[in-house]
Amino acid sequence: MKIQVPEAAGKIIEQLNIHGFEAYVVGGCVRDSLLLRTPEDWDITTSAKPEQVKEIFSRTVDTGIQHGTVTVLMDGGAYEVTTYRIDGEYEDGRHPKSVEFTGNLIEDLKRRDFTINAMAYSDRDGLVDAFDGRRDLDKKIIRCVGNAKDRFTEDALRILRAIRFSAQLGFDMEEETRKAIAVIAPNMEKVSRERIQVELTKLLLSDHPEQMAAVYENGIAPYISEHFLAAGERMGETGTIKLLPAEKHMRWSGFLRSEGPEEAVLILRDLKLDNETISQVKTLVTLWKQEMPADKPVIRKVMSGLSPKLFQDLLCFQKIFCPKSYQETLIKVEQYAEEIIENGDCIRLKDMAVTGRDLIGAGRKPGPGIGKVLETLFEEVLKNPECNNREYLMNLAERL
Ligand code: ATP
Ligand code: MG
């Protein structure tokens, strides 16, 4: 059994070996390689202490030195190299109170969350699989390393990770693991909302975003936030979310599509989503329910308020979630929108043939009044793009 380790990661392992240390790629990259999926990043685990890693490699960054992690820069890539460690008790359900370095790989694998994430590999030693991760990959199950209740008690985020991995990989939960989730769910309260959000976002972007339902079914939602819990009651059918492209704002909008815009914003703020995503979701959950007529002035108006991409996203959203009765109109709307772009119709205030400066040049007093006049001219242009010429608009402005 051979895993194709990237050349740079191979070099790092080789250098560590030359200096008398053990080193392996470990965790997600081994799991994904065995599943023939492309790993996101290649993590390395080693018997060398952080200081020793830093002595061996010329370019390193202290990314998490207190937890034993040094990032090694090699051939244009960045690789996290972490010293074998045994985690102490978890202080806040997230950070181990203490970490203890060890020279024993198996001890390091034992601290990892699931059997499928607890495998290491090197060309020299092949696969190190002390907890039957490979068997569980074949059986397509998520199983905790060791006692599930204990492992979830140490770090409740693992509960959500279990659901997220089952959504990403299409795996089932092993029985012990599933039972422990129900019991330990209240501990989720201790986990930071940023970390929760990262897992929920990964879940929504996975092949099985409908598994969001599992977060509610397993009784985890009450410990995430009040707003998030309430969303579960209004949540529409989750099976259709996967029809949306796997983009953060699209999948969150799909999940929150039955929410009002204010509620959606509250939920996402609780979860510390970035402002850009929050704003996009707010727009989509507001607009998707509003069916547009096949009427160019109205379409231009809608387009004028959105980036070209978000307008396309809105059409995509409406195709999936709006009733059949609207779909024929929607095809026309799409066609009209294409024509509007092809014709180069003015749909942005900044593309209008007249600017505020022109109005001031013609004798208008600077101030808020100018903005109002421009708005009125713009309304006119949206109705009829032929109006977008300087002479006509200046004339019109004089009469305003
Ligand atoms: P992804 O593809 O999402 O990056 P991953 O398995 O690489 O998945 P990471 O969060 O990058 O997940 O973590 C890397 C490895 O560290 C995991 O494979 C697992 O072995 C270990 N790990 C991460 N988080 C935890 C945790 N909360 N408890 C125990 N082990 C963990
Ligand atoms: Mg990873």
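The structure we're discussing is the one just above.
A brief structural summary.

What counts and what doesn't
Residues numbered from 1 in each chain as written. Chains lettered and ligands numbered in written order. Predicted model: local features only at pLDDT ≥ 70, side-chain atom pairs only at ≥ 80, totals over all residues. Heavy atoms only, no water. Helix = DSSP H or I, 4+ residues; strand = E, 2+ residues; numbered from the N terminus. Contact = heavy atoms within 4.5 Å. Polar contact = N/O pair within 3.5 Å; in protein donor to acceptor, adjacent residues only side chain to side chain. Near = heavy atom within 4 Å. Areas by Shrake-Rupley, 256 points an atom, 1.4 Å probe, with all protein chains shown as cover. Phe/Tyr/Trp six-rings, centres within 6.5 Å; stacked < 30°, edge-to-face > 60°. Buried < 20%, exposed > 50% of the residue type's maximum accessible area, 1.4 Å probe, protein only. Lys NZ or Arg CZ within 6 Å of the ring centre and 35° of its normal. Core = buried A, V, L, I, M, F, W, Y, C linked by side-chain atoms within 4.5 Å.

### Quick notes on the environment of Arg-348
For Arg-348, the location among the structural elements is in the loop between helix H17 (324-343) and helix H18 (356-361). Along the backbone, Arg-348 and Met-303 are 45 residues apart, and their C-alpha atoms lie at a distance of 8.7 Å. When neighbours within four sequence positions are excluded, Arg-348 is seen to be in contact with Met-303, Ser-304, Leu-306, Ser-307, Pro-308 and Phe-378. Among the polar contacts listed, one links the side chain of Arg-348 to the backbone oxygen of Ser-304, at a separation of 3.3 Å. At a separation of 2.9 Å, a polar atom in the side chain of Arg-348 contacts the main-chain carbonyl oxygen of Leu-306.

### Examining the site of ligand 1
Close to ligand 1 lie 14 residues; Arg-31, Asn-117, Asp-155, Arg-158 and Arg-164 are nearest. Arg-161 is positioned such that a nitrogen or oxygen atom in its side chain is 3.0 Å from an oxygen atom of ligand 1. Taking Lys-202, its side chain carries an N or O atom lying 3.0 Å from an oxygen atom of ligand 1. Relative to its free-state accessible area of 590 Å², ligand 1 is covered by the protein chains to the extent of 83%. Element by element, the count of residues in the shell around ligand 1 is highest for helix H7 (residues 157-169), at 4 residues.

### Digging into the packing of aromatic side chains
Here a ring pair, both rings aromatic, is described through the centre-centre distance and the interplanar angle of the planes. In this structure the tally under the stated criterion is 8 aromatic pairs. Both rings, one in Tyr-216 and one in Phe-228, keep their centres 5.1 Å apart while their planes meet at 10°; by these two values the pair is stacked. Here Tyr-216, found in helix H10 (residues 212-217), pairs with Phe-228, found in helix H11 (residues 226-234); they are 12 residues apart in sequence, far enough to count as distant. Here Tyr-216 and Phe-228 have matching classes, each one buried. For the cation-ring pair, Arg-164 lies above Phe-165, with the distance from its terminal atom to the ring centre recorded as 4.1 Å.

### A closer look at the environment of Asp-172
With respect to the helices and strands, the residue Asp-172 is situated in strand E11 (residues 172-173). C-alpha separation for the pair Asp-172 and Ser-307, spaced 135 residues apart in sequence, amounts to 40 Å. In contact with Asp-172, not counting residues within four places along its chain, are Lys-140, Ile-141 and Ile-142.

### Structural notes on the nonpolar core
Counting residues in each nonpolar core, the largest one holds 76 residues, and the members touching the most others are Leu-16, Phe-228 and Trp-252. In contact with Leu-16, not counting residues within four places along its chain, are Phe-21, Ala-23, Ile-44, Thr-46, Ala-48, Val-53, Ile-56, Phe-57 and Val-81. Core analysis: the next-biggest nonpolar cluster, separate from the first, contains 37 residues, Met-250, Leu-314, Val-333 and Cys-387 among them.

Don't take any of this as a statement about function, it's just geometry.
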